[in-house]
Amino acid sequence: MAILFYDHLITKSEIEIFLEASEEADNQKGKALQLVDDIIFQGIVSFILENLETHHHHTFLTHVHERPYDPEIISYLRDNIGPHIEDDIRTEADHLVKMILHDLQIQK
Amino acid sequence: MDDTHAPSHLALSIQKLEKRSNSLRHRLLKHKSAKRFFTKTFLIAHELRQRSSRLLASAGLVGALITMPAPKSLALAPISTETSGPEENTFTVRQKLMTSLQGILPHQPTKLTTEAASQVEKIVFENTNINAKVVLEDQSLNHTLGYVGFEQHLTRFPGDSLAQHDEIQEAGIAPGRGAFGFFAKDKSSFTTREYLREKYYCVVQTLYLDNWNQDHRFLKDWYAFRKMIVINPANGLAVVCSIGDAGPADWTGKQFGASPETMQALDLNKGPRKGLILMLFVDDPDNKIPLGPINQ
């Protein structure tokens, strides 16, 4: 079940596998996963706000705040941004995941 | 943990991720409307996930309550001994546990004094036949009584998913493993023992133990999946569980955590999903006491 409205559009298994394979302490891995979650959330919501007309921002954010899981959020975005919004979110998420993987794979 | 070495690869990556997160946060807060919602916390996604899980759990429970059959009698656990007297009215047993504890426990997080600990251990034994201990093998937690929070499911083995957990899926599943690792090293070695350990797991603040940093290796092994008894003194409900994770962080105002099923068995899965509970070690060297609710 999606806990955040966009979870079904995000594929971050590569990141999870990368961290899982790491021999670092679990608390470090947990911290990294939390940052990954935040980066994706902030990136996706920024992307949506940049594509949504300003007068819809409050409604959208209120909805996310009150019912973060609600599939109606995607319907709302479809109506107010366009029918392609799910594809756009996927693309944005892929971009964010690539950046995260780059950050994770840096060498000392 | 020993942090005297140079930063690890992952620590360096985390620094990069923090920079990335800050930069995206600036991007987000450029929108005036976003400032109203997201300035209070630096753990936006984490807090939203928690809120979302709570809402979903509440919704699920509403459905469950409507369809749930009337509860059976509040039966005493089948942990009888030869010394048990005639079968008592089960409600009386739970009520006795509740009323006896309520009279001696302060209503705030605390570590019980030796005298109070002895009284509590005696009451628990008399009403459950479980040998509960505040101090076991010289080990004790910083709190005996503390606030417990509703946790998510934990990943039991590599490749485990929320869909494979059979109850309360609305609670979601925590990212990553618990502090003591997977319950089983792989799916083929996942047995009923590991299944029950996750189903009835609890979380204690091992990370704040005075000797945690010095004796980390020993303590981690000692606490991992250690059997505990959790009692809600407000209603006398009790669950035998095993330690599956470390936490919660001090800033949460909670001292313990518990799995969705444990919280449900304690009747702490509604409303704020938090409550003051008693957390004691179970002295069960022969592993005779099963995990799960003991007086429902």
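These figures come from a predicted structure and were not determined experimentally. (Residues numbered from 1 in each chain as written. Chains lettered and ligands numbered in written order. Predicted model: local features only at pLDDT ≥ 70, side-chain atom pairs only at ≥ 80, totals over all residues. Heavy atoms only, no water.)

Trainee: Is there a simple way to think about the nonpolar core in this case?
Mentor: Proteins that are soluble and globular tend to have nonpolar side chains buried together. Among the nonpolar cores identified, the biggest contains 59 residues, and Tyr223(B), Ile229(B), Leu278(B) and Met279(B) are the most heavily contacted of them. Counting 48 residues, the second-largest nonpolar core is a separate cluster that includes Leu33(A), Ile39(A), Leu96(A) and Met99(A). (Core = buried A, V, L, I, M, F, W, Y, C linked by side-chain atoms within 4.5 Å. Buried < 20%, exposed > 50% of the residue type's maximum accessible area, 1.4 Å probe, protein only.)

Trainee: Would you mind going over the packing of aromatic side chains with me for this structure?
Mentor: How two aromatic rings sit relative to each other is given by the distance of their centres and the angle of their planes. Applying the stated criterion across every chain yields a total of eight aromatic pairs over all chains. Summarising the aromatic geometry, the rings of Phe5(A) and Tyr6(A) are spaced 5.2 Å apart at their centres and angled 80 degrees between planes, so their arrangement reads as edge-to-face. Each member of the pair, Phe5(A) together with Tyr6(A), is buried. Plain terms: the ring middles of Phe5(A) and Phe60(A) are 6.1 Å apart, the flat faces sit at 90 degrees to each other, and that makes the pair edge-to-face. Placement of the pair is Phe5(A) in the segment before helix H1 (13-21) and Phe60(A) in helix H3 (residues 54-66), with a sequence separation of 55 residues. By the burial criterion, Phe5(A) is buried, and Phe60(A) matches it. Through a chain of ring-to-ring contacts, three or more aromatic side chains come together here, namely Phe5(A), Tyr6(A), Phe41(A) and Phe60(A). When the ring centre of Phe150(B) is taken as reference, the NZ or CZ atom of Arg273(B) above it lies at 3.6 Å. (Phe/Tyr/Trp six-rings, centres within 6.5 Å; stacked < 30°, edge-to-face > 60°. Helix = DSSP H or I, 4+ residues; strand = E, 2+ residues; numbered from the N terminus. Lys NZ or Arg CZ within 6 Å of the ring centre and 35° of its normal.)

Trainee: Can you walk me through the pairing of strand E3 (residues 201-204) of chain B in this structure?
Mentor: In regular strands, side chains alternate between the two faces of the sheet. Residues and elements named next belong to chain B. By the alternation rule, side chains of E3 split into Tyr201 and Val203 and Cys202 and Val204, which are all buried. By the bridge criterion, four bridges tie E3 to strand E5 (residues 237-246) in an arrangement that is parallel. Note on E5: the bridge partner recorded for Tyr201 is Ser242. (Pairing = 2+ DSSP bridges.)

Trainee: Where do I start with the interface of chain A and chain B in this structure?
Mentor: Accessible area lost upon the coming together of the parts is a frequently used measure of interface size. Facing the 51 residues of chain A at the interface are 46 residues of chain B. Buried surface at the junction of chain A and chain B, summed over both partners, amounts to about 4400 Å²; 63% is from carbon and sulfur atoms. Of all residues in chain A, Ile3(A), Gln42(A) and Asp103(A) give up the largest surface area on contact with chain B, accounting jointly for 14% of the area buried on that side. Counting across the interface, chain A meets chain B through five salt bridges. Taking the shortest distance from any N to any O, the salt bridge between Glu18(B) and Lys31(A) comes out at 3.3 Å. The interface formed by chain A and chain B includes ten residue pairs in polar contact (both at pLDDT 80 or more). Contributions of two or more residues to the side of chain A that touches chain B are made by H1, helix H2 (26-51), H3 and helix H5 (85-104) of chain A. Here the side of chain A that touches chain B is built from residues that sort into 24 nonpolar, twelve polar and 15 charged. (Contact = heavy atoms within 4.5 Å. Buried area = accessible area lost by both parts, 1.4 Å probe. Salt bridge = Lys/Arg side-chain N within 4 Å of Asp/Glu carboxyl O. Polar contact = N/O pair within 3.5 Å; in protein donor to acceptor, adjacent residues only side chain to side chain. Nonpolar A, V, L, I, M, F, W, Y, C, P; charged D, E, K, R; others polar.)

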